Amino acid sequence: MLNPSIRFSPANIAALKKALRSQYPHIKSSHLDEAIAASFGFKSYAAMRPALHQLVAYARLVVESDHLLLLLRLEELGYRNIAPEPLRRLVWNIEFPDDRYDSETGYVVRARRRPTAANAG
């Protein structure tokens, strides 16, 4: 199953949390933090925070958000009645503020993906 790839940034993490809070208002804020960290493969939110802030200062990292890891962590925290498919759709449909690429890199990537014209010589 495909998982959405997003830029690992504080703004995108906040957008993910905001979308989850609007869809699942009964889940505690700290539990969403833990589940979001798990969706990126971290053992805890405390383990994710330093990596998130250190990377932002030095590099751009694109990561996959795995809704099943998020779901498993929520189940561990006592939220057992969350259906996986609506959660997957929610994560896929979030409009993240930080694009995967900056504008210059995005232009180059799009140009490389453009097919060659049939009459190009």
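Residues numbered from 1 in each chain as written. Predicted model: local features only at pLDDT ≥ 70, side-chain atom pairs only at ≥ 80, totals over all residues. Heavy atoms only, no water.

Below, the discussion takes up the overall build of the protein. Along its length, the protein carries six helices and two strands. Going from N to C terminus, the protein has its helices and strands arranged as β-α-α-α-β-α-α-α. Sorting the 121 residues of the protein into buried and exposed places 35% on the buried side. Taking the intrachain contacts of the protein between residues at least 6 apart in sequence as the baseline, contacts between residues at least 24 apart amount to 72%. With the model as given, the accessible surface of the protein reaches about 7,900 Å², and the carbon-plus-sulfur share is 52%. (Helix = DSSP H or I, 4+ residues; strand = E, 2+ residues; numbered from the N terminus. Buried < 20%, exposed > 50% of the residue type's maximum accessible area, 1.4 Å probe, protein only. Contact = heavy atoms within 4.5 Å. Areas by Shrake-Rupley, 256 points an atom, 1.4 Å probe, with all protein chains shown as cover.)

On to the pattern of salt bridges, then. With the rule as written, the count across this model stands at five salt bridges. For Glu85, the salt bridge is made with Arg88, and the minimal N-O distance between the two is 2.5 Å. Of the two residues, Glu85 and Arg88 are both situated in helix H5 (residues 84–92); the distance of three residues between them amounts to about one turn of the helix. Given a relative accessible area of 35%, Glu85 falls into the partly exposed group. What makes Arg88 partly exposed here is its relative accessible area of 22%. Among the salt bridges present, the one from Arg89 reaches Glu85, with a minimum N-O distance of 3.5 Å. Of this pair, Arg89 and Glu85 both sit in helix H5, four residues apart, roughly one helical turn. Under the relative-accessibility criterion, Arg89 is labelled partly exposed at 41%. A network of salt bridges, in which partner residues are shared, links Glu34, Arg73 and Glu76. (Salt bridge = Lys/Arg side-chain N within 4 Å of Asp/Glu carboxyl O.)

A few words now on helix H4 (residues 67–76). Where H4 is concerned, the buried positions are His67, Leu70, Leu71 and Leu74. Along the axis of H4, the buried positions cluster into a sector of 100 degrees, meaning they face one direction only. In this fold, the buried residues of H4 make contact with helix H1 (10–23), helix H2 (29–39) and H5. Two to three positions downstream of the cap, the backbone nitrogen of Leu68 sits 2.9 Å from a side-chain oxygen, assigning the N-cap of H4 to Asp66. Positive phi appears at Gly78, one or two residues downstream of H4, with a value of about 105 degrees. (Arc of directions from axis to C-beta. Polar contact = N/O pair within 3.5 Å; in protein donor to acceptor, adjacent residues only side chain to side chain.)

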